[in-house]
Each structure stands twice: as structure tokens, then as C-alpha cells.
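Structure assessment
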Amino acid sequence: MGCFRCADVLSCFKRKDWIFSLAVGTKQSLTDLTLSTNNLTGSIPASIGNLTNLTTLYLFENSLSGSIPQELGLLRSLTDLALYKNNLSGSIPASIGNLTNLTVLYLYENFLSGSIPQELDNLRYLRFLDISSNKLTGHLSPYMCVHGSLIRLVVANNNLTGRIPNSLRNCSELLRVRFDQNQLTGHLSEVFEAFPKLDYLDLSHNNFYGDLWHKWDQFPNLTSLKISNNDLSRNIPPGIGRATQLRLLDLSSNHLVGAVPKNLGKLVFLFNLNLSNNKLSRDIPPEIGSLSSLQHLDLSGNNLSGPIQKKLGDCVNLLNLKLSRNLLRESIPFELGKLQSLENLDLGNNLLTGEIPSGIGSLKRLEILNLSHNFLSGSIPSSFNGMSSLTSVDISYNHLEGPLPNTKAFEDASFQAYRNNDRLCGNKTSLMPCSLKQNNGDKGRNHKKIVLLVVVPFLGILFLIVAMTFLIHRNKMRDNEIEPNRASGYGTVYRADLPSGQVVAVKKYPPSQDGELANLVSFMSEIHALTKIRHRHIIRLSGYCSHPRHSFLVYEFLEGGSLDKKLSCEEEALSLDWDKRINVVKGLADALSYMHHGCSPPVIHRDISSKNVLLNLEDVAYLSDFGTARLLNLQSSNWTSFAGTLGYAATGTCTIHLSYQYSVVCFYVEYANS
């Protein structure tokens, strides 16, 4: 008996395939053949079947190609077979099922195809099976692990289909299981019951459905659980807190509902928690703050509401904190400034208000910061000027003002990273220089601003009814507290600054002599139209207050004013170059197409003029003033009386007929001098 290793032959790694054939042909009494990690090429010779005394065959991490020879089935004494990380192709030979003494079979990271031969079920002593990262297809054998000896079972990264066999329940000794990156299906709780020794389980990227197990006390040693990208539904059971050894928990990209369990706070060893892209709701439990070992927390892409918990500041080892695409409100807690190890902070696409805490600027390791699509206000803290580690930043779609920080991240940021804010300044595209803003920003202004005390966000609509009605009845709103911004067809529009820093436009409808609301039809038309439609080129209704004497509509505030005003000023008209004018027309055409064909019922504006086209700071057009709008019946002719703005008089009656088959919209308009 003897063994043959690469060191037995001088310069073996340079002689490649022929030295391999030489070794196989001359060492008839070998028991241990190890030629791993030697850049061997060519195929495994069929003559390897002559080495009937072999117990160990290690050929892993070479460049071997071709198929696995059937003759391997002649090596009845073999206990360890490792051919992983080569370029082997073809199918797994059924003759491997003859190796009844085999305990280790590693074939991973090759190009093997076809189905897994059922003859592998004959390997009653097999303890370690890894055939991952190949191109295997078909179903798993219904007798897999029927002998109950498997400790490691890895079939990940293939194209396997069907269900996990019930025979897996026999494998009570399993430590590590990976079925991820396949197309397997089935109800989880029907297969995975009691695995008291299981340490690692990955079922990600499959089609498993149903709910999670409830008997978490039967997984006392589980440290890693990954079931992302499946079709799991229902709640996360609170009993998950009994799997006290968990270090990694990834249930992302499923259909889980309900609350984030408070009992997750009992997983004191947890360093990675990912529940993103589900349908979880309610508040983030403060118990998460007790996870002092946590390094990665991702709750993004859910329906979580309430504030960002201050207790998250106690997770001092956090590297990544992702809470984006939720319904989180109130201000960013200053306690997040305690997370001195943080590298990635993503709070974008929420309903956050208030100012950016200065402590965020003290995070010396922060590389990625996303605060976009919120309602943040005020200036960016001066502490941001010292953030040398920051490489990527996005503060777009907020109500921020003042200068951009003097750091490389902000200097290199694209326009998309800071667009759609109130009064930011700096040496960047579409921003006013800060010196000019300071000198001229308040020139000619001498006015007081209306203050609305209560704003309640609900699915993007800011309902101001209670607050506005309360102020009206208590006589807290007086005419000298507001300054008209512009006149509308049926009311006067004012600029209003909220305590949060958000700026809105408020259209006030005047009462008639008898104290009732004048132009009730116009008031209701705007509400009915703008609550039915949502489009990027249509003004957004934020809320309204209906009262007999004082009625208001509240919109997003657009700083650029009306197209009519811009065109009537020679200096501003010159800034509206040809490309910008084309974009205005395209935007309005897109909005009209949506109103007529993209929403049900269709909406007809009936009063489109340059006075009713508003612009933001980037000269993006928004259609406004829906007081004359009508919602149409799809299955009948719709007649409307005259409607229009002074200077845009219709010369005839327009008949509009819409049906599922066709639509005709006609306009008879002449431009009068006015």
C-alpha cells in the first residue's frame, strides 16, 4: 500500500496532463492519490479504474475537462472523492452508486449536467455531498438521505425542480443544508420540522411557499437562515426568538405581512438582519436596538410606519442601515449620530420631516448617504464639510436650502442627486450661486407667511381639514398674515411655509355675500379631478379644507411660477431656450394623453392656457387649475357648456365622445388680444 502526491515527482505542476497519466499507469498499489491544485489539464483517464485499492482521490482545483469516467465505479474501496473546481462536463455517472464505502463526494463548481442519478441513494455511509454550482436538472430523489447519514447537503446553484423529498426528515444529523438558486417548490413546514443539530440553512431563490415554522425550539443550534426570494406569506412567527444562536437572518423578497416581531431583540448574536422587500407594516420595534452585535440591518421596501426608533442608535456596530421605501415619518433621530461605524445609510423614499441632524455629518466612515424623496427641510449641517469618507450622496426631492457642503461627494454629485429642493445654492447645475442668493434672495419681499400647525400624511395626501377648520373657527388666520402669490380663475393662491420647512401653495376660495362658498362647482371639480389622477406633469393636490366661509385647496409649491409669467418677462423668456420649450410641450402632451386615455374615467381639463401651466426650478411643466375639469362617461356622449380663460375664447361648442373603441377630442380656439 502507498500514496502518490504531486511532491513525489519533480516539477509536477509544469508537466500537466501526461504526468497525471503516468502516475495512474505506474502506481498500481496506490491507496491515496492527491494531485489537487496543480493546473492539470486534459481528461481523467479511464485507466484510473485499475487503482482498486484507492481510498482517497483528490483531483480538485485543476483544469481537468471532459466527462467523469464510468470506471470510477470500480474503486470499491474509495471513501473520499473530490473533483471540485475543474471544467468537467457531462453527467454524473450512475456507477458512482457502486462506491458503497463513500463518505465524501465533492463535485461542485464544474459544468456537470443532466439529472442526479438515483444510484447515489445506495451510498448509505455518505456524510458530505456537495454538487453545487453545476448545470444539473430534474428532481431530487425521493429517497435522498433515506439512510440518515448526511451531515452536509449542498445542491445550490443548479436548475433543479420539484419538491424537497420527505425522506429528508430522516437526516437528523444535518449540520449544513443549501438548496438555494434552484427552482424548487413546496410548502416549507411540510418538510423542515426537527433538525436539532442544523447550523446553516439556505433556501433562497426558489419557489417555496407557505409560512415559516413555529417550533423554533427545534432549531437550537441554527446560526444562519436564508429564505430570501421565495413566495412565503403570513406573519413572521414571534417564536423565532427561540432560535437564540442565529447570527444571520435573511427573509427578504417574499410576501410576509404583519409586524416585525419584538422577539427578534432576543437574538443577541445576530449581526445581519434582512427583511427587505416584503409587506411588513406597523412600527419598527424598539427591541431591535438591543442587538448590539448587529452590523447589517435592511428593512427597506415594506410598509413600515411610525418614527425611526431612537434605540437604533444603540446598535453601535452597524455598518449598513437601510430603511428606504417605507412610510416612516417624523424627524431623523439625532441618536443615529452615535453609529460611528456606519458606512451606508439609506433613508430615502419615506415621509421624514424636520432638519438633517448634525450628528450625521460626524459619521467619519460613512460612504453612501441617501435621504432623497422625503420632506426634509432647513440647511445641510456644516458638519457635512468634514465628511471625507463620503463617496455617494442623494438628497433630491426634499425642501432643503442653503449651500451644498464643500466635500468631494457633493462636488462630484450629478444633478439628479440634489434636484427638486427649495432653495439650495452652490456652484452646480441649476443652482443659484450662494453669494447671489444671500444678496438678492429676499429683495423686494416684505410679507408674513401663513403657518399651518397640523399636517397628517396618509399615502402621500396631506389632509389639512382638522387643522385648517380649527384655525378658522378660532380666528387664528387673518388676511394680513398671508401674501397673495398669484390669482387663479376661481380664487387667490398664497405661498405657505409649514413649521416642518415644507412649502405649499394654498388656494383660498372667497365666500359669497350670504356667507356660503362661492364657486362650489369649481372647488369640488378640482378635488374630484386631482384625487382621481396622479401624473408627473400634473400638479399634486396635498389636501383641502371645506368650510362655508373659508375653503382652501393645498398643492405642492412650484417655484418657477406660471408659463405665462415667464414668457411675459423678456429676461426670463430668454432663459427658456428651445430645448426647454420642447420639454414643456412634451410634458403637457404626456399629461393630456394620460388624462384622456390613461385613467378611468377620463378627465377633460377644458381650460388649458399658459396661465395654468406651472414650472419648477428646472422648468419642468405641471398642468394646474382643474376648476373647470369634467370626468366623462365612457359609454355616452358628453356635452359641456362654455369654459375658458380670458384671452383663450372658444368659438364653438365642442362635442366629445369617448368609448372603448375610439376617442375624439375637438377644440375650436382662436387667440384673442388681451
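Residues numbered from 1 in each chain as written. Predicted model: local features only at pLDDT ≥ 70, side-chain atom pairs only at ≥ 80, totals over all residues. Heavy atoms only, no water.

**Remarks on the overall build of the chain**
A count of helical and extended segments in the chain gives 8 helices and 50 strands. Relative to its full complement of 674 residues, the chain shows a buried share of 51%. Expressed as a percentage of contacts within the chain between residues at least 6 apart in sequence, the contacts between residues at least 24 apart total 50%. A total accessible area of about 31000 Å² is found for the chain, and carbon and sulfur atoms account for 50% of it. (Helix = DSSP H or I, 4+ residues; strand = E, 2+ residues; numbered from the N terminus. Buried < 20%, exposed > 50% of the residue type's maximum accessible area, 1.4 Å probe, protein only. Contact = heavy atoms within 4.5 Å. Areas by Shrake-Rupley, 256 points an atom, 1.4 Å probe, with all protein chains shown as cover.)

**Observations regarding the state of the cysteines**
Any covalent bond linking the sulfur atoms of two cysteines counts as a disulfide. Under the defined criterion, the tally for this structure stands at 2 disulfides. The residue that forms a disulfide with cysteine 145 is cysteine 171, at a sulfur-sulfur distance of 1.1 Å. With a gap of 26 residues between them, cysteine 145 in the loop between strand S10 (135-139) and strand S11 (152-154) and cysteine 171 in the loop between strand S12 (159-163) and strand S13 (176-178) connect regions that are remote in the sequence. For the pair cysteine 145 and cysteine 171, a shared accessibility class is recorded, and that class is buried. Here cysteine 425 engages in a disulfide with cysteine 434; their sulfurs sit 2.2 Å apart. (Disulfide = S-S within 2.5 Å.)

**Here we look at the packing of aromatic side chains**
If you walk through the whole model with that rule in mind, you get 8 aromatic pairs. For the pair tyrosine 84 and tyrosine 106, a centre-to-centre distance of 6.1 Å together with 70° between the ring planes defines the contact as edge-to-face. Taken as a pair, tyrosine 84 in the loop between strand S5 (80-82) and strand S6 (87-90) and tyrosine 106 in strand S7 (residues 104-106) lie far apart in primary sequence, 22 residues in all. Across the pair, exposure class does not vary: tyrosine 84 and tyrosine 106 are buried alike. Ring geometry for tyrosine 106 against tyrosine 108: centres 5.8 Å apart, planes inclined by 65°, an arrangement best described as edge-to-face. Neither tyrosine 106 nor tyrosine 108 differs from the other in exposure class; each is buried. Grouping aromatic residues by their ring pairs yields a cluster made of Tyr58, Phe60, Tyr84, Tyr106 and Tyr108. (Phe/Tyr/Trp six-rings, centres within 6.5 Å; stacked < 30°, edge-to-face > 60°.)

**Notes on unusual backbone geometry**
Positioned with a positive phi, glutamate 109 is a non-glycine residue whose angle comes to about 60°. Summarising the element assignment, glutamate 109 is placed in the loop between S7 and strand S8 (111-115).

**Description of the sheet that holds strand S41 (residues 561-562)**
Spatial strand order, S41-S43-S44: 3 strands in an open sheet with antiparallel pairing. Both edges of this open sheet fall to S41 and strand S44 (621-623), since each of them pairs with a single strand only. In this sheet, strand S43 (residues 613-615) lies alongside S41 in antiparallel orientation, the contact comprising 2 bridges. Bridge assignment links glycine 561 to a residue of S43, and that residue is leucine 615. (Pairing = 2+ DSSP bridges.)

**Some points on helix H8 (residues 578-598)**
Taking 1.5 Å of rise per residue, 21 residues should cover 30 Å, and H8 covers 28 Å from first to last C-alpha, within 8% of that figure. Along H8, the residues that are buried comprise Val584, Gly587, Leu588, Ala591, Tyr594, Met595 and His596. On its buried side, H8 packs onto helix H6 (563-568), strand S42 (603-604), S43 and S44. (Expected span 1.5 Å × (residues − 1).)

**Observations regarding the nonpolar core**
Residues Leu168, Phe179, Phe192, Trp213 and Leu321 are the most contacted members of the largest nonpolar core, which totals 119 residues. At the level of secondary structure, the elements contributing two or more residues to this core comprise strand S2 (30-34) and helix H2 (408-411). If we ignore the near neighbours within four places in the chain, the residues touching phenylalanine 179 are Leu140, Leu153, Val155, Ala156, Ile164, Leu168, Leu184, Phe192, Asp202, Leu203 and Asn206. Formed by 33 residues, the second largest nonpolar core is a distinct cluster that contains Phe557, Leu576, Met595 and Tyr622. (Core = buried A, V, L, I, M, F, W, Y, C linked by side-chain atoms within 4.5 Å.)

**Observations regarding the environment of proline 165**
Turning to its location among the elements, proline 165 is positioned in the loop between S12 and S13. For proline 165, a relative accessible area of 8% translates into the label buried. Distance in space between the C-alpha atoms of proline 165 and valine 146 is 9.8 Å, their sequence separation being 19 residues. Setting aside anything within four residues of it in sequence, one finds proline 165 in contact with Leu140, Ser141, Pro142, Met144 and Val191.

**A short note on the sheet that holds strand S30 (residues 375-379)**
The 5 strands lie next to each other as S26-S28-S30-S32-S33, forming an open sheet whose pairing is parallel. A strand with exactly one partner marks an edge of an open sheet, and here the two such strands are strand S26 (329-330) and strand S33 (423-425). Looking at chain direction, S26 and strand S28 (residues 351-354) are connected through 2 bridges and run parallel. When the bridges of S28 are listed, arginine 329 appears paired with leucine 351.

**Points about the confidence of the model for the chain**
Taken over all residues, the pLDDT of the chain has a mean of 80, while the share at 70 or more is 78%. In this model, residues 645-674 is a region of pLDDT below 50 whose contacts with residues beyond four sequence positions or in other chains number 54 contacts. (pLDDT = per-residue confidence, 0-100.)

**Some points on the pattern of salt bridges**
Evaluated as defined, the whole model comprises 11 salt bridges. For aspartate 314, the salt bridge goes to lysine 338, with nearest N and O atoms at 3.1 Å. Of the two residues, aspartate 314 is situated in the loop between strand S24 (303-304) and strand S25 (320-322) and lysine 338 in the loop between S26 and strand S27 (344-346); the sequence distance between them amounts to 24 residues. The exposure class assigned to aspartate 314 is partly exposed, which follows from its relative accessible area of 30%. For lysine 338, a relative accessible area of 42% corresponds to the partly exposed category. A salt bridge links aspartate 619 to lysine 580, with the nearest nitrogen and oxygen atoms 3.3 Å apart. Linking aspartate 619 in the loop between S43 and S44 with lysine 580 in helix H8, this pair joins segments that are 39 residues apart in sequence. Overall, aspartate 619 belongs to the buried group, its relative accessible area being 7%. Taking the relative accessible area as the measure of exposure, lysine 580 reaches 29% and is therefore partly exposed. (Salt bridge = Lys/Arg side-chain N within 4 Å of Asp/Glu carboxyl O.)

**Some thoughts on the pairing of strand S18 (residues 231-235)**
Looking at chain direction, strand S16 (residues 207-210) and S18 are connected through 2 bridges and run parallel. Counted as the bridge partner of glycine 210 is leucine 232 from S18. Looking at chain direction, S18 and strand S20 (residues 255-258) are connected through 3 bridges and run parallel. The residue bridging arginine 234 from the neighbouring strand is leucine 256, located in S20.

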